[in-house]
Amino acid sequence: MSLATAANIAQSGLNAVTAQTAVLTRNVSNANNSTGASTKTANVTTTTGGGAQIISITRAQNLTLFENVLNATSSSATQTAISAGLDQLEQTVGATSDATDAQSPSTLLTSFTNALQSYESSPSDTSLAGSAVSAAQSLAQSLNSATTTVQGVREQADSDIAQSVSQINSLLQQFQTVNTQITNGTATGADVTDALDNRDAILKQLSQQIGVTTVSGSNNSMNIYTDSGVTLFQGTARTVTFDPTTAYTAGTTGNAVTVDGVPITGSSTTMGIQSGAIAGYVNLRDNIAVTYQNQLDSIAGALISATGETDQSGSGGAEQPGLFTTAGATSMPASTVGLAGAIEVNASVNPSQGGNALLLRDGGISDTANSNYTYNTTGDASYAGRIDQILTNLSAATTFSSSGGIGTSGTLSDYATNSLSWLQGQRSSVSAASTYQSTLLSQATTALSSSTGVNIDTQMSQMLNLENSYQASAKLISTINSMFTALMSTMGVTS
Amino acid sequence: MGLYGALQASVSGMAAQSNKVSAISQNIANSNTTGYKEVEAQFADLVSSADQSSFNGAGVTTNYAYLNSVQGSFTTTGTTTNLAINGNGFFVVQNSSGAQFLTRDGDFTQDSSGNLTNDAGYTLMGYSLAAGAASGVANGSAGLVPVNVSSSALSKNPTTAGTLSVNLPSTATAVAAPAALPFANTAASAFTDKTSLVTYDNLGAPVTLDVYMTKTGTGTWELDVYNKADATNGGFPYTNGGTPDTPIASQTLTFDPTTGDLASAADNLNGGAATPTSAIPIAIPNGQTLNLNISGMTQLAAAYTTTTATVNGNPPSGVSSLSIGPDGTLSAVYSDGTEAPLFDIPIANVPSPDSLTPITGNVFQVNSESGNAVYGTPGKGGLGTLNSSSLEASTVDLATQLTDMISAQSGYEANSKVFQTGTTLLEDLVNIIK
């Protein structure tokens, strides 16, 4: 071995340390990178001639923990999405902050019943009649505004889905670019660690929107599938499509999200996704909000049917909506769908619309021109028969549609109370699930970060090692130099 | 031996030392030349006649030994096409007029015409893999062409092979009437699971294959492949110009009820003939037949999961970089990450490498003493391996050369002393006559 070779080897040592320091600098500067930069390591190997050489730069990675983070991100996003919607739904029953339910149909129904009972005791009192009608109006308006809110939540969820879908498509395009960079770089032996970090960050963003699983291929390439197995990315990005519906009413069915031609939401699909924000929005739009709307509609339907007026003359006229009706209705509604949004107090009994509140006592609200529907045929000022009948109807057990999901029989008042507690139950269970999932997410993130993230302490101690080895290599070069100088001075060469 | 003989011998000694200094100066001058092999001046005595009573020395003669088989140390560079041989052998290069030489100077870079040319202007030779496997011969340079990396500017590889491994959920509900199976290709066709694969046709255009997996009964599934381009709103029916498609491939898969592994596949398009599960033939529209390996499929009581989905082939793409393996395979790495071998770079060796004739530009010429060149694959048959992105440094050791120079200098001085003494003796002889 010659002196020149020795100098060469010492030089390669310097180069290796320099490259390692560069990697270390990258690590330290990314120590607080919130996107989760991993620790990079420069792998040094002995070259054929005996020197040192950086053969590759690799990064710390833990596939299992990363998968946990992706799953936790998706599940957490699902609960967050539902939770936000339920917060809005709960506004239909009053302020969410102090948990009052002053505006709930249940409370207003009780107020209405109470007002009717007061009126029943003195049927001749016009002001009591007015209060009863006004309580009825509050109840109808509460159902109307609840419907508006529920449909608003569905519209919001629909537009959130559209936004998620466009974000997924754009993330998949970014993924394609980075994935190509990685496969290309891996094939040529380039440093792809930053691109891998970048790809992980994209995957995390993607998992927020939709639950994903990944499958690795050759040259570090990666395929992405939804958590139900539909291809999102394999070679190229697949298209995620969604046709938004801008206006929702009760009974509107939103469109399904499709990936690669396969619907991933909706009741008919065999490959429905489990998690991600989209799963939450869809659950909100297609299940929770719809169920709550059905409950509201059932309440409205029961109100209309409890206050319906029958033909008193015996001429066999059909039953007609009385106190509670829908705009322009001349017959009892055949289905409850959408009733909560349309229910109103009949104008003929509403003093604020020029009606006569005393019709509540006398009947004939449905058709003032037709005396067949008048109950108080004699005009008795103390007649309480009709009010009594309405009260009986309201407190009688009745049958509700099963689509409300809270039982099909019971009194209207029980049903309204059940509806309220159903909503509050949903909210508290989702809120608990949301807290649980976000705890899981933060634990998974911490575990991943401590497994693959940058530890400043380790980096600093490594820096000391690098410094020492740089000094040693530099010392070698200076020693070799003095040896050459000694040889040269022997030859009479002075430098 | 007479005085003149002594003078003659000392002159030849001085000449020999001059030769040695000249070799040393050549070595020192090339102490940083890539692939340079040290030359050493070696001396042999010359005797015209010698017996018990007299000695007639004729001095010394110089031979140059080229230490061509000494391995130089390696320096790393950032250029992929910089090559160094670790072990025996030489690169085969040619000059501008087509004459072939051997060299250890692997400082190759792409020149204006795309050839890999070293710093001395010699072009690297190799076997083209454009038409499949190389057709070189061991004892001749037949088939060697300049390694040109620009001709491979755009390339594509149609898909021919792939692997698809999924777990099909054994708990899934079998598709039953009124829904039709995907094989029927009607709007009522229903499926259990679907995946898709991007493949490449003959022209490198991407063809997305929709792969439907449908449970038809306990342990039996139907696998149907359609061309996504023919889909109606992303699904059934698949039509081409109004005519409903026949599936590109349709197989009935039977799973082992005990292990859940794929037991057999029967081709629905071919009267239920058995198909090897390691190569399900799928004729890609306008492309090659994709032999899809589905032998890793399972049917277990778990959710539908893809474990492997890979296919070969790539779209038309430019060369993004080159990579050269230790066995001399020069591959183009395309911008989509796939690799395609372009050239095999052979290395040649001769029975006596030290006898090769050195020529300007770090190259050597084969001669009768060195023996004929034998061409082979790096790493095989005693030949060295190729190190990419590195260069072989000059074998000259400066310290040795300087030390040799001191000995040459003192040798020259001694010879001149002998010459001086001989001259003095001659003068003395002449003075006797006075």
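Residues numbered from 1 in each chain as written. Chains lettered and ligands numbered in written order. Predicted model: local features only at pLDDT ≥ 70, side-chain atom pairs only at ≥ 80, totals over all residues. Heavy atoms only, no water.

When helices and strands are tallied, chain B shows two helices and 33 strands. Radius of gyration (C-alpha) of chain B: 37 Å, far over the 22 Å computed for a compact globule of 434 residues. The dimensions of chain B, computed from C-alpha atoms along their principal axes, are 140 × 45 × 35 Å. Going through the 434 residues of chain B one by one, you find that 46% of them count as buried. As displayed, chain B has an accessible area near 19000 Å², and 54% of this comes from carbon and sulfur atoms. For chain B, the distance from the average position of its 10 positive side-chain charges to the average position of its 30 negative side-chain charges is 3 Å. (Helix = DSSP H or I, 4+ residues; strand = E, 2+ residues; numbered from the N terminus. Rg over C-alpha atoms; globule rule 2.2 N^0.38 Å. Buried < 20%, exposed > 50% of the residue type's maximum accessible area, 1.4 Å probe, protein only. Areas by Shrake-Rupley, 256 points an atom, 1.4 Å probe, with all protein chains shown as cover. Lys, Arg positive; Asp, Glu negative; His and termini not counted. Charge placed at Lys NZ, Arg CZ, Asp CG, Glu CD.)

Counting residues at the interface gives 39 residues for chain B and 34 residues for chain A. Overall, the association of chain B and chain A removes approximately 2800 Å² of surface from exposure, summing both partners, and the carbon and sulfur fraction of that is 57%. Of all residues in chain B, Lys194, Val198 and Leu402 of chain B give up the largest surface area on contact with chain A, accounting jointly for 15% of the area buried on that side. The interface formed by chain B and chain A holds two salt bridges in total. Across the contact surface, chain B and chain A share nine residue pairs in polar contact (both at pLDDT 80 or more). Its residues assigned to classes, the side of chain B that touches chain A comprises 14 nonpolar, 18 polar and seven charged. (Contact = heavy atoms within 4.5 Å. Buried area = accessible area lost by both parts, 1.4 Å probe. Salt bridge = Lys/Arg side-chain N within 4 Å of Asp/Glu carboxyl O. Polar contact = N/O pair within 3.5 Å; in protein donor to acceptor, adjacent residues only side chain to side chain. Nonpolar A, V, L, I, M, F, W, Y, C, P; charged D, E, K, R; others polar.)

Residues and elements named next belong to chain A. Among the surface-exposed residues, Ile456, Met460 and Met463 lie close enough to one another that they form a single nonpolar patch of about 220 Å² accessible area. Here Ile456 is to be found in helix H11 (residues 456-490). Ile456 sits in the partly exposed class, given a relative accessible area of 35%. (Patch = residues over 30% accessible without salt bridge, like charges linked within 9 Å, V, L, I, M, F, W, Y side chains within 5 Å.)

With that settled, consider the sheet that holds strand E9 (residues 262-263) of chain A. If you trace the three strands from one edge of the open sheet to the other, you get E7-E8-E9 (chain A), paired in antiparallel fashion. In the strand order of this sheet, the two ends are held by strand E7 (240-241) and E9 of chain A, each with one partner. (Pairing = 2+ DSSP bridges.)

To continue, consider the sheet that holds strand E3 (residues 212-216) of chain A. All names here are of chain A. In space, the four strands of this open sheet follow the order E3-E4-E5-E6, with antiparallel pairing throughout. Each edge of the open sheet carries a strand with a single partner, namely E3 and strand E6 (236-237). In the packing of helix H5 (residues 193-209) onto the sheet, the strands contacted are E3 and strand E4 (222-226), and the crossing angle to E4 comes to about 5°. (Axes fitted to C-alpha atoms, helices over the stretch in contact; angles between N-to-C directions.)

All names here are of chain B. With seven of eight residues buried, strand E15 (residues 220-227) is to be regarded as a mostly interior element. Pairing geometry for strand E14 (residues 206-217) and E15, over eight bridges, is antiparallel. If you follow Tyr212 over to E15, its bridge partner there is Asp224. Between the end of E14 and the start of E15, which pair antiparallel, lie two residues, with Gly219 showing a positive phi angle near 80°. Examined bridge by bridge, E15 and strand E18 (residues 249-255) share six bridges and lie antiparallel to one another. Its bridge partner lying in E18, Thr220 is registered against Thr254.

Attention now moves to the side chain of Thr306 of chain B. Relative to the assigned elements, Thr306 of chain B resides in strand E24 (residues 305-311). Not counting chain neighbours up to four residues away, the residues in contact with Thr306 of chain B comprise Val215, Tyr225 and Gly229 of chain A together with Ser165 and Val166 of chain B.

Once that is clear, we can look at the pattern of salt bridges. All told, the structure shown has 17 salt bridges over all chains when counted by the stated rule. Here Asp194 of chain A makes a salt bridge to Lys40 of chain A, at a shortest N to O gap of 3.7 Å. In this pair, Asp194 of chain A is assigned in helix H5 and Lys40 of chain A in strand E1 (residues 40-46), connecting sequence segments 154 residues apart. Relative accessible area serves as the criterion here: at 42%, Asp194 of chain A is assigned to the partly exposed category. The partner of Lys228 of chain B in a salt bridge is Asp260 of chain A, and the shortest N-O contact between them spans 2.8 Å. Of this pair, Lys228 of chain B sits in the loop between E15 and strand E16 (239-240) while Asp260 of chain A sits in the loop between strand E8 (258-259) and E9, each in a different chain. For Asp260 of chain A, a relative accessible area of 2% gives the class buried.

Between its first and last C-alpha, helix H1 (residues 3-29) of chain B extends 39 Å over 27 residues, near the 39 Å set by a 1.5 Å rise per residue. Those residues of H1 of chain B that fall on the buried side of the exposure criterion are Gly5, Leu7, Ser10, Ser12, Gly13, Met14, Ala16, Gln17, Lys20, Ala23, Ile24 and Asn27 of chain B. (Expected span 1.5 Å × (residues − 1).)

At the junction of Phe236 of chain B and Pro237 of chain B, the peptide bond is cis and its omega measures out at -10° in the coordinates. By the secondary structure assignment, Pro237 of chain B is in the loop between E15 and E16. In the Ramachandran plot, Asn220 of chain A falls in the positive-phi region, its phi being about 65° despite a non-glycine side chain. Residue placement: Asn220 of chain A occurs in the loop between E3 and E4. Despite not being glycine, Asp260 of chain A shows a phi value in the positive range, around 55°.

So, about helix H6 (residues 277-306) of chain A. Residue and element names in this part refer to chain A. For H6, spanning 30 residues, the distance from its first C-alpha to its last is 42 Å, which sits close to the expected 44 Å at 1.5 Å a residue. Roughly 40° is the biggest bend found in H6, and it falls at Leu284. Judged by how many residues are buried, H6 sits mostly within the fold: 25 of 30 residues are covered. (Bend = angle between axes of the 7 residues up to and from the residue.)

So, about the packing of aromatic side chains. In total, this model carries 14 aromatic pairs over all chains according to the counting rule given. Taking 6.1 Å as the distance between ring centres and 75° as the angle between the ring planes, the aromatic pair formed by Tyr212 of chain B and Tyr238 of chain B counts as edge-to-face. Separated by 26 residues along the polypeptide, Tyr212 of chain B in strand E14 and Tyr238 of chain B in the loop between E15 and E16 bring together distant segments of the chain. As far as the burial class goes, Tyr212 of chain B and Tyr238 of chain B line up, both buried. Aromatic side chains Phe236 of chain B and Tyr238 of chain B sit 5.4 Å apart centroid to centroid with 80° between the ring planes, which places their arrangement in the edge-to-face category. When sorted by exposure, Phe236 of chain B lands in the same class as Tyr238 of chain B, which is buried. A connected cluster of aromatic rings, assembled from ring pairs, spans Phe191, Tyr212, Tyr226, Phe236 and Tyr238 of chain B. Sitting above the plane of the Tyr375 of chain A ring, Arg386 of chain A keeps its charged end 4.4 Å from the centroid. (Phe/Tyr/Trp six-rings, centres within 6.5 Å; stacked < 30°, edge-to-face > 60°. Lys NZ or Arg CZ within 6 Å of the ring centre and 35° of its normal.)

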